[in-house]
Amino acid sequence: SASIFAGDVKEPGKAFPRAMFGAIILVIACYLIPLLIGIGASTADWRDWDDGYFEVVGRELAGKWLGVWIVCAAGISNISLYCAEMASDSYQL
């Protein structure tokens, strides 16, 4: 979908590679840092983790509030991904 917006960006050949590199670094950091903290601080073996287990780890580490926060953040993330996809698709119309 980045190619759709290339006409709206000044110097897309320069801006898009920098933006993609920055986005990749941020995504890796946002996934890797909490995962490593969860694996290191949790008493459960990481091989026992299943869907939704990150919320359980949050509750173990800081109490119910962190588990609720993780679930709410996951919901907001899903809604945001849906909105981004719909915005990208509607631009093609």
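Residues numbered from 1 in each chain as written. Predicted model: local features only at pLDDT ≥ 70, side-chain atom pairs only at ≥ 80, totals over all residues. Heavy atoms only, no water.

1. So, the state of the cysteines
Tallied over the entire structure, the rule returns zero disulfides. Cys 83 takes part in no disulfide bond, and the closest cysteine sulfur, belonging to Cys 72, lies 17 Å away. (Disulfide = S-S within 2.5 Å.)

2. Here we look at a nonpolar patch on the surface
On the surface, Ile 24, Ile 28, Leu 32 and Leu 36 cluster together into a nonpolar patch covering about 380 Å² of accessible area. According to the relative accessible area criterion, Leu 36 is exposed, its value standing at 54%. (Patch = residues over 30% accessible without salt bridge, like charges linked within 9 Å, V, L, I, M, F, W, Y side chains within 5 Å. Areas by Shrake-Rupley, 256 points an atom, 1.4 Å probe, with all protein chains shown as cover. Salt bridge = Lys/Arg side-chain N within 4 Å of Asp/Glu carboxyl O. Buried < 20%, exposed > 50% of the residue type's maximum accessible area, 1.4 Å probe, protein only.)

3. Thoughts on the packing of aromatic side chains
According to the stated counting rule, one finds two aromatic pairs in the structure shown. Pairing Trp 49 with Phe 54 gives two aromatic rings, centres 6.2 Å apart and planes at 50°, and the pair type is tilted. In this structure Phe 54 comes out as partly exposed when scored by relative accessible area, which is 32%. By the ring-pair criterion, three or more aromatic residues cluster together here, those being Trp 49, Tyr 53 and Phe 54. (Phe/Tyr/Trp six-rings, centres within 6.5 Å; stacked < 30°, edge-to-face > 60°.)

4. Thoughts on the pattern of salt bridges
All told, the structure shown has two salt bridges when counted by the stated rule. With its nearest N and O atoms 3.0 Å apart, the salt bridge here joins Arg 47 to Asp 45. Using a relative accessible area of 60% as the deciding quantity, one classes Arg 47 as exposed. Salt-bridge contacts for Glu 55 lead to Arg 59; the nearest nitrogen and oxygen are separated by 2.7 Å. Linking Glu 55 with Arg 59, this pair stays in helix α2 (residues 53-62), spanning four residues, or about one helical turn. (Helix = DSSP H or I, 4+ residues; strand = E, 2+ residues; numbered from the N terminus.)

5. Topic: the layout of surface pockets
Estimated volume of the largest pocket: approximately 640 Å³. Taken together, 18 residues line the largest pocket, and the ones lying closest to its centre are Cys 30, Tyr 31, Pro 34, Phe 54 and Ile 70. Taken together, the elements giving at least two residues each to the lining of the largest pocket come down to α1 (12-41), α2 and α3 (64-91). No other element matches α3, which puts eight residues into the lining of the largest pocket. For the lining of the largest pocket, the residue count by class is 14 nonpolar, four polar and no charged. (1 Å grid on protein atoms, 1.4 Å probe; cavity = no way out; pocket = protein on both sides within 12 Å on 5 of 7 lines; lining within 4 Å. Points joined across faces, edges and corners; volume = space filled by probe spheres on them. Nonpolar A, V, L, I, M, F, W, Y, C, P; charged D, E, K, R; others polar.)

6. Points about the environment of Trp 69
Summarising the element assignment, Trp 69 is placed in helix α3. Trp 69 sits 54 residues away from Ala 15 along the chain, and the two C-alpha atoms are 34 Å apart.

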